[in-house]
Amino acid sequence: MCCDTVRELLDELDRGRLGPFLEAEVTTHLASCPSCQQEHKRIREVVSALALMPAPALPPDLTAEIARRAGSTGRAVPQAFARTRRFGTTLLSHAVVAAAAVLIALHLSAPVDKTEPDGATQVESGPLVTAPSESEPGIVATVSGTDEMASTPLHVPRGGEVGVKVVLEAKRPVKGTKVHLVLPKGLAFSRKAHPNAADRNVLTLRARDLGKGPRSFEFRVKGTKVGKWDVLALVEDGDNLSVAGATVVVEPDQNKEESL
Amino acid sequence: MDRKDTVANGIIEHLPRLYRYAVRLCGSKDLAQDAVQDAVSRALEHSDHYDPARPLLPWLLTLVRHSVVDRSRAFDPIRHADDVDSCAPSILAQGGDPAEVVANAEQTARVEAALARLPIEQRSAVVLFYLEGLTLDEIASAEGVPVGTIKSRLHRGREAMAAFLLGTHPENDEAT
């Protein structure tokens, strides 16, 4: 295999996207070609440097404006949830998507005990606070972690799993809240933790009456495809909707060569 | 579900990525916010132009890039490379050794400045591939060029960034 061909495949090699035969060919060439080794090293250095760059956080006012526009298509929007092939179970109506601010809490979590009918776990602790909405305060989701220093993006090797926690806080008692966790194509719900949701893109939890104290919901997701993926949590509180997201970085398998 | 619903739902799903792409493309959060809003308006207005048989994300990225370019015509991202500092995190707020904090902030600023110095075609390819994790096919679709062109842009972008970071790029002599 010539150097030009090998160099074109180095990025895919680092992403674990080469088939076993091609990967073996490239790896064998690298072992004996100092020039291609240098090129591979340069790629990794640039990739490592780029990894230092923080991910710009989505401004809440931008999300609210976009959600308003996406919901205001000038057409009658259904109030009920619609079933779609893409999401497998439900998709929020545009009336719900016409939302307020973006907040989310993601947290590397420990296994939990109680299991909701949809397969997610529910943990209760602490007081609730509500977040502002167009009509009256709604729900606020906040970032937290076990050591209070946990931050996004989360990292998980391909095939591995990571815990995700959505923390809801309300300033006033709230009757009936739904949390829709939407996964992109590079992530899937853990089959072990959520056996009824493993083949779905959306998992919906229903929090019954919320009193004082934060309420958190924990999920486990599996990284299925290398890349950066945004997890969205849509918190529906009556006519109010909070949209929040966080990034999960699915990395190549640990036993392959190091890469971004 | 009609096309407008598909586009609207897709915009919500991909919004974080569209914003990140815009910020890294132009180096300005304010300009990126305007560009994303403009791109969303165009997407909703021209949703009938979207082919549902094709992935939505590349189309949305194309609209964002066009909006950034349109708004950047009077804004030279190379001369205004210092604007990338507005994207740097408040590392001091996270605690840690001050010397290390300053070093990390400086390193981040250098990387962002190196990225900002790339021609927009190379910058777009580097951002979409290494920071957003898109595949070569997805990027080629978003940019409207062959995969081979994307590979070439990635290669030249990497070379230029490496040279900028090592201080060996000729333009380093003109750095402010």
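Here is what the cut-offs are and how they apply
Residues numbered from 1 in each chain as written. Chains lettered and ligands numbered in written order. Predicted model: local features only at pLDDT ≥ 70, side-chain atom pairs only at ≥ 80, totals over all residues. Heavy atoms only, no water. Helix = DSSP H or I, 4+ residues; strand = E, 2+ residues; numbered from the N terminus. Buried < 20%, exposed > 50% of the residue type's maximum accessible area, 1.4 Å probe, protein only. Contact = heavy atoms within 4.5 Å. Areas by Shrake-Rupley, 256 points an atom, 1.4 Å probe, with all protein chains shown as cover. Buried area = accessible area lost by both parts, 1.4 Å probe. Salt bridge = Lys/Arg side-chain N within 4 Å of Asp/Glu carboxyl O. Polar contact = N/O pair within 3.5 Å; in protein donor to acceptor, adjacent residues only side chain to side chain. Nonpolar A, V, L, I, M, F, W, Y, C, P; charged D, E, K, R; others polar. Disulfide = S-S within 2.5 Å. Phe/Tyr/Trp six-rings, centres within 6.5 Å; stacked < 30°, edge-to-face > 60°. pLDDT = per-residue confidence, 0-100. Axes fitted to C-alpha atoms, helices over the stretch in contact; angles between N-to-C directions. Parallel < 35°, antiparallel > 145°, perpendicular 65-115°, else oblique. Left-handed = near helix turned anticlockwise from the far one by under 90°. Core = buried A, V, L, I, M, F, W, Y, C linked by side-chain atoms within 4.5 Å.

A. Inspection of the overall build of chain A at higher detail. Each helix and strand in chain A was counted, giving 5 helices and 10 strands. Across the 260 residues in chain A, those meeting the buried criterion constitute 50%. Across chain A, contacts joining residues at least 24 apart in sequence account for 75% of those joining residues at least 6 apart. As displayed, chain A offers around 12300 Å² of accessible surface, 53% of which is attributable to carbon and sulfur atoms.

B. Broad picture of the interface of chain A and chain B. Every contact between the two is made by 46 residues of chain A and, on the other side, 50 residues of chain B. Taken together, the two surfaces of chain A and chain B that pack against each other cover about 4400 Å², and 63% of this comes from carbon and sulfur. At the junction of chain A with chain B, the criterion picks out 6 salt bridges. On inspection of chain A and its partner chain B, the count reaches 15 residue pairs in polar contact (both at pLDDT 80 or more). Mapped by element, the contributors of at least two residues to the side of chain A that touches chain B are helix H1 (3-14), helix H3 (34-50), helix H4 (60-71), helix H5 (94-97) and strand E9 (227-237) of chain A. Grouping the constituent residues of the side of chain A that touches chain B by class yields 25 nonpolar, 6 polar and 15 charged.

C. View of the pattern of salt bridges. What the rule picks out here adds up to 16 salt bridges over all chains. The salt bridge involving Glu45(A) is made with Lys41(A); its shortest N-O contact spans 2.8 Å. You can see Glu45(A) and its partner Lys41(A) sitting in helix H3, 4 residues apart, about one turn around the helix. Taking the relative accessible area as the measure of exposure, Lys41(A) reaches 44% and is therefore partly exposed. Measuring nitrogen to oxygen at the nearest pair gives 3.7 Å for the salt bridge that ties Glu143(B) to Arg65(B). Linking Glu143(B) in helix H6 (residues 136-143) with Arg65(B) in helix H3 (residues 56-72), this pair joins segments that are 78 residues apart in sequence. Summarising the burial analysis for this pair, Glu143(B) and Arg65(B) share the class buried. Linked by salt bridges that have partners in common, Asp230(A), Arg17(B), Arg20(B), Arg24(B) and Glu132(B) make up one network.

D. Region of the structure containing the state of the cysteines. Residues and elements named next belong to chain A. Counted according to the given criterion, the structure contains 0 disulfides over all chains. In this model Cys33 remains outside any disulfide bridge; the closest cysteine sulfur is found in Cys36, 3.6 Å from its own. On the basis of relative accessible area, Cys36 is assigned to the buried category, the value being 0%.

E. The packing of aromatic side chains, seen in detail. Residues and elements named next belong to chain A. In the structure shown here, the tally under the stated rule is 3 aromatic pairs over all chains. Measuring from centroid to centroid gives 6.5 Å for Phe189 and Phe219, while their planes differ by 45°, and the two rings are tilted. Here Phe189 is found in strand E6 (residues 187-189), whereas its partner Phe219 is found in strand E8 (residues 215-223), with 30 residues between them in sequence. With respect to class, Phe189 is no different from Phe219; both count as buried.

F. Seen up close, the confidence of the model for chain A. All names here are of chain A. Per-residue confidence for chain A averages 66 on the pLDDT scale, and 60% of its residues sit at or above 70. No element of chain A has a lower mean pLDDT than H5, which averages 34, and none a higher one than helix H2 (residues 20-32), which averages 92. Note on residues 73-137: pLDDT is under 50 here. Beyond four places in sequence and across chains, it has 199 contacts. Here residues 142-149 scores under 50 on pLDDT; set against residues more than four positions off or in separate chains, the count is 18 contacts.

G. The packing of helix H1 (residues 3-26) of chain B against H3(B), seen in detail. Residue and element names in this part refer to chain B. Between H1 and H3, whose axes approach to 9 Å, the crossing angle comes to 45°. Between H1 and H3, the angle falls in the class oblique. The element H1 and its partner H3 pack so that their crossing is right-handed. Here Thr6, Val7, Gly10, Ile11, His14, Arg17, Leu18, Tyr21, Ala22, Leu25 and Cys26 of H1 come into contact with H3, specifically with Leu56, Leu57, Trp59, Leu60, Leu61, Val64, Arg65, Val68 and Ser72. Residues belonging to the contact of H1 with H3 are distributed by class as follows: 14 nonpolar, 4 polar and 2 charged.

H. Seen up close, the side chain of His40(A). Structurally, His40(A) is set in helix H3. One polar contact links His40(A) to Asp14(A), side chain to side chain, over a distance of 2.8 Å.

I. Structural view of the environment of Pro60(A). Mapping Pro60(A) onto the fold places it in helix H4. Sequence separation between Pro60(A) and Ala244(A) is 184 residues, and the spatial gap between their C-alpha atoms is 9.0 Å.

J. The nonpolar core, seen in detail. The biggest cluster of nonpolar side chains holds 77 residues, and the ones touching the most others in it are Leu50(A), Leu115(B) and Met161(B). Not counting residues within four places of it along the chain, the set of residues in contact with Leu115(B) comprises Leu50(A), Met53(A), Arg24(B), Arg123(B), Val126(B), Val127(B), Leu131(B) and Met161(B). The next biggest cluster of nonpolar side chains, apart from the first, holds 23 residues, and it includes Leu154(A), Val162(A), Val166(A) and Leu181(A).

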